[in-house]
Amino acid sequence: MLNYIKEAIMAPSTRSNCSKVNQALDKDPDKHKSLKAPAKMLGYKITDNERSRKFGIGANSLEMLLQKAQLKFPLQELHIYLAIDGFEVSDEEYFNSLPAQTLFIVAGPDAVITTDADFEFEKMRQQSPLLKVADIFYDFIEQHPDKFRRMITEYEQQKQRRALDNTKAHLSLKAEHVEWFEGSEERFQSKEEAMAVRAQTRVRGYYYKTKEELTRNPLYRQNAKARQIINSVLEQFRYLLIGCDYFSMMFNRKCELKHEMLQQHGDSEEPDAASVPNKRLRQVIKDYTSRNAILDEWSVSLCSDLGDFYCQGAYSDNGNYCSLQHTINPYASRENLILFQVWNLDHQIELCRTILPTLVANVQELVTQPQRKCALHNKRVVDVSVLEYFLEIFSLKNLKLVHIVCHEKVQRTNQSNGRLLCADCHEYRIVQELMQVQASEITS
């Protein structure tokens, strides 16, 4: 009875307070935003660099994941890295783009990360006398690069003579080839889906590397106008990436458009249609880029219909031909999928040494010399060539898929084709129209 009386006494006051809260929210709609529901909790996995322990962690933000990881691995300065490629995750936006069940490595800031590929390769090396030859390579690779290349070639010829089982290469679904989907691929239902995501992951890595380099540049930090231009460039990069689905088709054998280099390898099977993004905004942007043929030439697959990839040769080879004839089919076996992780997409025009410094220099000119004229139309420049820089950073116009032996770590002399544009430049107009398309879709 006492509780009933208390409720009767408090009820009018409670209703009055609720009414006042509702009136305040109606007067100030922005307050609704502060009451927005928290992000959805997702499950992730964490381990240390030695893979000694593994834990499942629920988190809805990078900050929460770091806090919970600290409880499991109490390090003085804890950082997290993607197990698949060792990429450090320090950006909330990038973290939110990762799927549930992603495996992270917890380590210090200066740790040399052992990726999944490195870890699996070391296990294979311990179990196979043939792979122990890698120990020899590491001892003299820097002093004897030519001899190193010959030894790798000899090893791969031995591997081919062992006649690895490729009878399951044509299989696609998880139920058909269960062992292929072990590890980080367990969340996928088909090989094509897993390989498409691997391509997207590499391209996303270039985006966040570009963003990191540009936003830590002194020009970005010290000049408000330059900061505005660079932020606009990054936004346009992001929507162009949406338009091409982050070039997911590069590793997808079901993409019907193939790279021209495959013609010399006799790929003749009839392919299935390529998948397209399913979100409306992505489809609207993709439709626009397709109508204007902005990215068609470079939205192609690098593998045959069976899944064979061919090395496009070292930088010094000046073409799409590998003199060592490296080839791999990651669709064929789990072993090949692991080995494929050490095949690199090589920027022919270097990203950090050439492309990004040229982009920053163009932005500086745009800010400090606003009256400068376009070389093509002799009109005042208004922007940098976003599309050209986009193609050089993210597309096969400037990327070559190469075996690790053919990935030459040398400084290169070729220069970026990025420049300043005026309002009459075709490249400027089509990118601006693309941004208007996505803006109209968002407002509608």
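Check the entry above for the structure.
An account of the accompanying structure is given in this report. Source: prediction; values computed, not measured.

A word on the packing of aromatic side chains. In this structure the tally under the stated criterion is 16 aromatic pairs. Look at Tyr44 and Phe95: their rings are 5.1 Å apart centre to centre, the planes differ by 45°, and that puts the pair in the tilted class. Residue Tyr44 is found in strand S1 (residues 42–48), and its partner Phe95 is found in helix H4 (residues 92–96); the two are separated by 51 residues along the sequence. Note on accessibility: Tyr44 and Phe95 belong to one class, buried. Both rings, one in Phe87 and one in Tyr94, keep their centres 5.2 Å apart while their planes meet at 75°; by these two values the pair is edge-to-face. You can call Phe87 partly exposed: its relative accessible area is 23%. Residue Tyr94 is classed as buried on the basis of its relative accessible area of 2%.

Per the counting criterion, the structure on display carries 17 salt bridges. Between Lys45 and Glu186 there is a salt bridge; the shortest N-O distance is 2.4 Å. One end of the pair, Lys45, is in strand S1; the other, Glu186, is in the loop between helix H7 (145–161) and helix H8 (191–215), and 141 residues separate them in sequence. Overall, the relative accessible area of 36% leaves Glu186 in the partly exposed class. The partner of Arg253 in a salt bridge is Glu192, with the nearest N and O atoms 2.7 Å apart. You can see Arg253 sitting in the loop between helix H10 (224–243) and helix H11 (280–291) and its partner Glu192 sitting in helix H8, a full 61 residues away along the chain. By relative accessible area, which is 4% here, Arg253 ends up buried. You can call Glu192 buried: its relative accessible area is 5%. When salt bridges with common partners are traced through the structure, they connect Lys209, Glu212, Glu213 and Arg216 into a single cluster.

Procedures and definitions
Residues numbered from 1 in each chain as written. Predicted model: local features only at pLDDT ≥ 70, side-chain atom pairs only at ≥ 80, totals over all residues. Heavy atoms only, no water. Phe/Tyr/Trp six-rings, centres within 6.5 Å; stacked < 30°, edge-to-face > 60°. Helix = DSSP H or I, 4+ residues; strand = E, 2+ residues; numbered from the N terminus. Buried < 20%, exposed > 50% of the residue type's maximum accessible area, 1.4 Å probe, protein only. Salt bridge = Lys/Arg side-chain N within 4 Å of Asp/Glu carboxyl O.

Everything listed is a geometric property; what it means functionally is a separate question.
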